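Residue-level structural notes
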Amino acid sequence: MKKRAAALALCLALAWSLVPMAAEAAGSVYFTAAGNEILTLDDATMPFWSDGYLYVASSIFTGQVNRSLGVACLPSSVSKPNQCILYGREGSLMFDLNGNFVRDTEGNITYRGAIRRGGEIFVPASVVAEFFKLEYSVTPLSLKTADGDNYGALVWLRQPNFGLSEKDFINAAFSQIAMRYEQYLRERQPEDGGGNTPGGAQVPAGDGKTVYLCLEAGEDTAAQLDALDAHDARAAFFCSPEFLEGQGDLLRRMAATGHAVGLLADAADPDRTAAEQLEAGNRLLARATMGKTRLALVRNGDEGARREARAAGFSCLETELDRSDTGLRDSVQAESLLRQVSAQRGDVRIWLGDAAGAAGLRAFLTAAAQAGDRCLALTETLP
């Protein structure tokens, strides 16, 4: 058990450089990033070099990658087992595995086709990027573990004018890269039944709890939604009038992807009662999403203010855990929260307020899934 924990221990020191690396370095670990998301690290879909060209798995162009890059994959079928199609606003690329070529929408042919490796079809990144007007880069990485240094690279596909340099993006995505690498190492180790995570931290066994995460919508909401969607998890976002008025796109995204929307009211407001504020919030929500909500959180109020809100038809948030002061910013706080969840009986509602960062949220969602817990959204919507 100790040997396995040591093998998985990932030091918080991930170096990046632009020093040229061998195009086909044996044993290198290649991460894939699309937009602002680091994808799952898997040997079956890991990019590789062939004849000086970098190849990426065609299957990555689904879900979040499809949404962020605007490129989707139509995989091979029984009737056409040697064909793979990528399509987007710019048109389509049809890869023919038999002929080792690719044909675009206009009939132009390039003799740099796809490669089948195992059960996966890989496509040349340069061809895809040029046709769909994307940018891509390959940045070498040095990954320091308890067993020594491993070398690899980050393959990053993004829309033009993304706004971050390779260095800045890697620094911003450090926690995602570390999480993916820890998960990759863990899955490559033989099971020892010890329930260890990298670094020897013990993950509670879990009893299949349902966890209801409740957050205050704000400047981190887009990144939090990315983290939740990547883990197929849901949460409830409680929104101020300012957020409801100015963030229609995020509100529509919440509604479309199954997250819950709640309303914030301030009982100390001298001009409007809590109930009046909540009614006004629902009008703003209906303008953005064509829907209303019963979920509410009344601040600075006593039971009388909450009674008034309930009389107006709202369901005031009550939680088993309040982490709005403690925070959820990193893996240490994520582990602490998971232990609190495991100590609770039955399902758990958690108020995180505005103290949850995307990195801490990702770490908690990963650990919760390992513990057998699932994160769902509260559902108190009105027609």
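Focus on the overall build of the protein chain
Broken down by element type, the protein chain carries 12 helices and 24 strands. The buried share of the protein chain, reckoned over its 383 residues, is 48%. In the protein chain, of all internal contacts separated by at least 6 residues, the share reaching a separation of at least 24 is 66%. For the protein chain, the exposed surface amounts to about 18300 Å²; the carbon and sulfur share of it is 48%.

A look at the pattern of salt bridges
Throughout the structure, instances matching the rule amount to 14 salt bridges. Put simply, glutamate 90 and lysine 133 hold a salt bridge, and the shortest N to O gap is 3.4 Å. You can see glutamate 90 sitting in the loop between strand E7 (83–88) and strand E8 (91–96) and its partner lysine 133 sitting in the loop between helix H3 (125–131) and strand E13 (135–145), a full 43 residues away along the chain. Here lysine 133 falls in the exposed class, since its relative accessible area comes to 52%. One salt bridge in this structure joins glutamate 303 and arginine 310, with 2.1 Å as the shortest N-O distance. Within this structure, Asp226, Asp229, Asp232, Arg234 and Arg253 form a network of salt bridges that share partners.

Some thoughts on the sheet that holds strand E6 (residues 71–74)
Adjacent strands of a sheet pair through backbone hydrogen bonds, lying either parallel or antiparallel. As summarised here, the arrangement of the 5 strands in space is E6-E7-E8-E9-E10, forming an open sheet in which the pairing is antiparallel. At either end of the open sheet lies a strand with only one pairing partner, and these are E6 and strand E10 (109–110). Where E6 meets E7, 4 bridges bridge the pair, whose relative direction is antiparallel. Looking at the pairing, cysteine 73 lines up with leucine 86 of E7.

Let's talk about unusual backbone geometry
Among all residues save glycine, negative phi is the norm, and among peptide bonds the norm is trans. Despite not being glycine, lysine 133 shows a phi value in the positive range, around 55 degrees. Not every positive phi belongs to a glycine, and aspartate 232 is a case in point at roughly 55 degrees. Its place among the elements puts aspartate 232 in the loop between helix H6 (221–230) and strand E16 (236–239).

Focus on the confidence of the model for the protein chain
A residue-level look at the protein chain finds 84% of positions with pLDDT of 70 or above and a mean pLDDT of 82. Taken element by element, the protein chain is modelled with least confidence in helix H1 (residues 2–8), mean pLDDT 36, and with most confidence in E16, mean pLDDT 97.

What about the environment of leucine 154?
When you line up the elements, leucine 154 lands in strand E14 (residues 148–158). C-alpha separation for the pair leucine 154 and threonine 139, spaced 15 residues apart in sequence, amounts to 5.1 Å. What leucine 154 contacts, discounting residues up to four positions off in sequence, is Phe31, Thr32, Ala33, Ile38, Ser137, Val138, Thr139, Leu141, Phe169 and Ile170.

Some points on the sheet that holds strand E11 (residues 115–117)
Pairing in this open sheet of 4 strands is antiparallel, and the strands run E4-E5-E12-E11 from one edge to the other. One side of each edge strand has no neighbouring strand; the edge strands of this open sheet are strand E4 (48–50) and E11. Mean inter-strand twist for the sheet, computed between neighbouring axes without regard to direction, equals 40 degrees. Two strands pair when backbone bridges link them, and E4 and strand E5 (residues 53–57) are joined in this way by 3 bridges, in the antiparallel orientation. Paired with tryptophan 49 across the two strands is leucine 54, which belongs to E5.

A word on the packing of helix H5 (residues 174–188) against helix H12 (residues 358–370)
Axis separation between H5 and H12 bottoms out at 9 Å; the angle between their running directions is 20 degrees. Between H5 and H12, the interaxial angle falls into the category roughly parallel. With respect to the hand of their crossing, H5 and H12 are arranged in right-handed fashion. Along the contact surface, H5 presents Ser175, Gln176, Met179 and Arg186, while H12 presents Ala359, Arg362, Thr366 and Gln370.

Notes on the pairing of strand E2 (residues 29–34)
With 6 of its 6 residues buried, E2 lies for the most part within the structure. Both faces of E2 are covered, namely the face carrying Val29, Phe31 and Ala33 and the face carrying Tyr30, Thr32 and Ala34. Counting the residues in the hairpin turn of E2 and strand E3 (residues 37–38) gives 2 residues, including glycine 35, whose phi is positive at 65 degrees.

Considerations on the pairing of strand E17 (residues 260–266)
Within E17, 6 of the 7 residues are buried, which leaves it mostly tucked inside the rest of the structure. Of the strand pairs in this sheet, E16 and E17 are connected by 4 bridges, and their pairing is parallel. Looking across to E17, one finds that alanine 236 is bridged to alanine 260. Sheet topology note: the E17/strand E19 (residues 295–299) ladder contains 4 bridges and is parallel. Note on E19: the bridge partner recorded for leucine 264 is leucine 297.

About the criteria used
Residues numbered from 1 in each chain as written. Predicted model: local features only at pLDDT ≥ 70, side-chain atom pairs only at ≥ 80, totals over all residues. Heavy atoms only, no water. Helix = DSSP H or I, 4+ residues; strand = E, 2+ residues; numbered from the N terminus. Buried < 20%, exposed > 50% of the residue type's maximum accessible area, 1.4 Å probe, protein only. Contact = heavy atoms within 4.5 Å. Areas by Shrake-Rupley, 256 points an atom, 1.4 Å probe, with all protein chains shown as cover. Salt bridge = Lys/Arg side-chain N within 4 Å of Asp/Glu carboxyl O. Pairing = 2+ DSSP bridges. pLDDT = per-residue confidence, 0-100. Axes fitted to C-alpha atoms, helices over the stretch in contact; angles between N-to-C directions. Parallel < 35°, antiparallel > 145°, perpendicular 65-115°, else oblique. Left-handed = near helix turned anticlockwise from the far one by under 90°.

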